[in-house]
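Overview (structure and organization)
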Amino acid sequence: MTLTTIKVQAEVRDELARLAADELGGVTLNGALEHLLTEHRKAQILAAYARLEADPRAWADYQGELTEWDATAGDGLAGEA
């Protein structure tokens, strides 16, 4: 694993350290940043789905595509999940 240094204000570092200690079970600052980045990515994905769902035609197209893909999930064998 390659490490690097980033410059942040002391207040930002301290707030991140408090978050890591108090809300994330004492993870490292790197762990806290990874958690925050993951949560940010999840929020972006959820926002994209919300935009898609807000467009009835696009949402119907998406749902139709899901149905088509669901049909490929089975191999037609009885008793198989």
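Residues numbered from 1 in each chain as written. Predicted model: local features only at pLDDT ≥ 70, side-chain atom pairs only at ≥ 80, totals over all residues. Heavy atoms only, no water.

**With respect to the packing of helix α2 (residues 29-54) against helix α3 (residues 56-71)**
When two helices pack together, their arrangement is given by the angle between their axes and by how far apart the axes lie. Interaxial distance between α2 and α3 falls to 5 Å at its minimum, and their mutual angle equals 110 degrees. Relative to α3, the element α2 lies roughly perpendicular. Of the residues in α3, those in contact with Tyr49, Leu52, Glu53 and Ala54 of α2 are Pro56, Ala58, Trp59 and Tyr62. Class assignment for the residues of the contact of α2 with α3 results in seven nonpolar, no polar and one charged. (Axes fitted to C-alpha atoms, helices over the stretch in contact; angles between N-to-C directions. Helix = DSSP H or I, 4+ residues; strand = E, 2+ residues; numbered from the N terminus. Parallel < 35°, antiparallel > 145°, perpendicular 65-115°, else oblique. Contact = heavy atoms within 4.5 Å. Nonpolar A, V, L, I, M, F, W, Y, C, P; charged D, E, K, R; others polar.)

**Re the packing of helix α1 (residues 10-22) against α2**
Viewed as axis vectors pointing N to C, α1 and α2 meet at an angle of 85 degrees, and their least axial separation amounts to 9 Å. One element, α1, and the other, α2, form an angle in the roughly perpendicular class. Across from Arg13, Leu16, Ala17, Leu19 and Ala20 in α1, the residues of α2 making contact are Leu29, Ala32, Leu33 and Leu36. The class makeup of the residues in the contact of α1 with α2 is eight nonpolar, no polar and one charged.

**What to know about the environment of leucine 16**
Of note, leucine 16 is situated in helix α1. Sequence separation between leucine 16 and alanine 60 is 44 residues; the distance between their C-alpha atoms is 42 Å.

**Focus on a negative patch on the surface**
On the surface, Asp55, Asp61, Glu65 and Glu68 cluster together into a negatively charged patch. Looking at where aspartate 55 falls in the secondary structure, it is placed in the loop between α2 and α3. For aspartate 55, a relative accessible area of 38% puts it in the partly exposed group. (Patch = residues over 30% accessible without salt bridge, like charges linked within 9 Å, V, L, I, M, F, W, Y side chains within 5 Å. Areas by Shrake-Rupley, 256 points an atom, 1.4 Å probe, with all protein chains shown as cover. Salt bridge = Lys/Arg side-chain N within 4 Å of Asp/Glu carboxyl O. Lys, Arg positive; Asp, Glu negative; His and termini not counted. Charge placed at Lys NZ, Arg CZ, Asp CG, Glu CD. Buried < 20%, exposed > 50% of the residue type's maximum accessible area, 1.4 Å probe, protein only.)

**Regarding the pattern of salt bridges**
Think of it this way: side chains of opposite charge can pair up when their charged atoms draw near. Within this structure, the stated rule accounts for two salt bridges. Where arginine 13 meets aspartate 14, a salt bridge forms, and the shortest distance between an N and an O atom there is 2.9 Å. The class of arginine 13 is partly exposed, set by a relative accessible area of 42%. The partner of glutamate 39 in a salt bridge is lysine 42, with the nearest N and O atoms 3.4 Å apart. Of this pair, glutamate 39 and lysine 42 both sit in helix α2, separated by three residues, roughly a single helical turn. The exposure class assigned to lysine 42 is partly exposed, which follows from its relative accessible area of 45%.

**Some words on the packing of aromatic side chains**
A complete count under the given rule lists two aromatic pairs for this structure. Between tryptophan 59 and tyrosine 62, the ring centres sit 5.4 Å apart and the planes meet at 40 degrees, which makes this aromatic pair tilted. With tryptophan 59 and tyrosine 62 both in helix α3 and three residues apart, the pair spans about one turn of that helix. On the accessibility criterion, tyrosine 62 (21% relative accessible area) is partly exposed. Taken together, Tyr49, Trp59 and Tyr62 form an aromatic cluster joined through their ring pairs. (Phe/Tyr/Trp six-rings, centres within 6.5 Å; stacked < 30°, edge-to-face > 60°.)

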